[in-house]
Amino acid sequence: MSEVETTNDQNPAPKRKDKKPSRSQMRSASRGLALQAVYQWQMNQSSVSEIETQFTLDQDMSACDKLYFRELLQGVTSRAKKLDGLFEELLDRPLSELDPIELAVLRLGAFELSERLDVPYRVAINEGVELAKSFGATESHKYVNGILDKLAQRLRREEIAARRQANK
């Protein structure tokens, strides 16, 4: 066989154009980056604008909703004490003893549950659980799930009741 001739086994499959991520995939990516940025803010108290600039320059943000990332980062950091107050009494230990990743996940979840009514409560809880699975300690997702579920019962009572009624 000449150099020009090749078999099908030697030809790589034709490359397909990568599909653009869906809105929900982009939002999930935004949450993951926002979690990391909030964690960084919690750990070293850098200015939020510095952290945002750093993430914009250093991270591949092509698959995320940059505006949603910004809203999450700025919303969580500017309302941290208010958000902590929403879930603090649901904790089984003092806020200061929470793992920093758990705290960041709970703050993100509390932000979405309290401020982003366009995000269904089940999505906010599930995204928090997935972030805890990806970034947190081994069993932290169970803890996060319990806290966010209780918080949703308080903040999204009507939405939860409507969902239950629709499922009857």
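In what follows, the structure referred to is the one given above.
Quick caveat, the model's predicted, so the values are computed rather than measured.

*Asks:* Help me get a handle on the overall build of the chain, residues and values and all.
*Replies:* Looking only at helices and strands, one finds eight helices and zero strands in the chain. Classification of the 168 residues of the chain by burial places 40% in the buried group. In the chain, the share of contacts with a sequence separation of at least 24, taken over all contacts with a separation of at least 6, comes to 71%. In the form shown here, the chain has an accessible surface area of approximately 10,500 Å², with 48% of it arising from carbon and sulfur atoms.

*Asks:* Tell me about the pattern of salt bridges, residues and numbers included.
*Replies:* Under the criterion given, the structure shown has 14 salt bridges. Note that glutamate 115 is salt-bridged to lysine 82, the shortest N-O span being 2.8 Å. Pair noted here: glutamate 115 is in helix 5 (residues 100–115) and lysine 82 is in helix 4 (residues 80–87), with a separation of 33 residues, a long-range link. We classify lysine 82 as partly exposed; its relative accessible area is 46%. Between aspartate 118 and arginine 116 there is a salt bridge, with the nearest N and O atoms lying 2.6 Å from each other.

*Asks:* Summarise the packing of aromatic side chains; cite the residues concerned and give the values.
*Replies:* Tallying each qualifying case throughout the model produces one aromatic pair. Sitting above the plane of the tyrosine 68 ring, arginine 27 keeps its charged end 4.0 Å from the centroid. Between the NZ or CZ atom of arginine 93 and the centre of the ring of tyrosine 143, over which it lies, the distance is 4.3 Å.

*Asks:* Just give me the short version of helix 5, but keep the residues and values in it.
*Replies:* Compared with the 22 Å implied by 1.5 Å per residue over 16 residues, the 22 Å span of helix 5 between its first and last C-alpha is a close match. Counted residue by residue, helix 5 has 13 buried out of 16 residues, so it is predominantly covered. Its side-chain oxygen at 2.9 Å from the backbone nitrogen of isoleucine 101, aspartate 99 defines the N-terminal cap of helix 5.

*Asks:* Please give an account of the side chain of glutamate 102 that cites residues and values.
*Replies:* Note on placement: glutamate 102 falls in helix 5. Excluding anything up to four places from it in sequence, glutamate 102 contacts Arg93, Ser140 and Tyr143.

*Asks:* Please give an account of the nonpolar core that cites residues and values.
*Replies:* Among the nonpolar cores identified, the biggest contains 46 residues, and Phe69, Phe87, Leu91, Leu98 and Leu106 are the most heavily contacted of them. Those elements that provide at least two residues to this core are helix 1 (23–44), helix 2 (48–58), helix 3 (66–78), helix 4, helix 5, helix 6 (121–135) and helix 7 (140–155). Ranked by residue count, the leading element in this core is helix 5, at nine residues. In this structure, phenylalanine 69 is in contact with Ser30, Leu33, Ala34, Ala37, Glu52, Phe55 and Met61, ignoring residues within four places of it in sequence.

*Asks:* Could you give me a rundown of the packing of helix 5 against helix 7, with the residues and numbers involved?
*Replies:* Between helix 5 and helix 7, the shortest axis-to-axis distance is 10 Å and the interhelical angle comes to 25°. Accordingly, the angle class assigned to the pair helix 5 and helix 7 is roughly parallel. In the crossing of helix 5 with helix 7, the sense of the turn from one axis to the other is right-handed. Along the contact surface, helix 5 presents Glu102, Val105, Leu106, Gly109, Ala110, Leu113 and Ser114, while helix 7 presents Ser140, Tyr143, Val144, Ile147, Leu148, Leu151, Ala152 and Leu155.

So, how was this worked out
Residues numbered from 1 in each chain as written. Predicted model: local features only at pLDDT ≥ 70, side-chain atom pairs only at ≥ 80, totals over all residues. Heavy atoms only, no water. Helix = DSSP H or I, 4+ residues; strand = E, 2+ residues; numbered from the N terminus. Buried < 20%, exposed > 50% of the residue type's maximum accessible area, 1.4 Å probe, protein only. Contact = heavy atoms within 4.5 Å. Areas by Shrake-Rupley, 256 points an atom, 1.4 Å probe, with all protein chains shown as cover. Salt bridge = Lys/Arg side-chain N within 4 Å of Asp/Glu carboxyl O. Phe/Tyr/Trp six-rings, centres within 6.5 Å; stacked < 30°, edge-to-face > 60°. Lys NZ or Arg CZ within 6 Å of the ring centre and 35° of its normal. Expected span 1.5 Å × (residues − 1). Polar contact = N/O pair within 3.5 Å; in protein donor to acceptor, adjacent residues only side chain to side chain. Core = buried A, V, L, I, M, F, W, Y, C linked by side-chain atoms within 4.5 Å. Axes fitted to C-alpha atoms, helices over the stretch in contact; angles between N-to-C directions. Parallel < 35°, antiparallel > 145°, perpendicular 65-115°, else oblique. Left-handed = near helix turned anticlockwise from the far one by under 90°.

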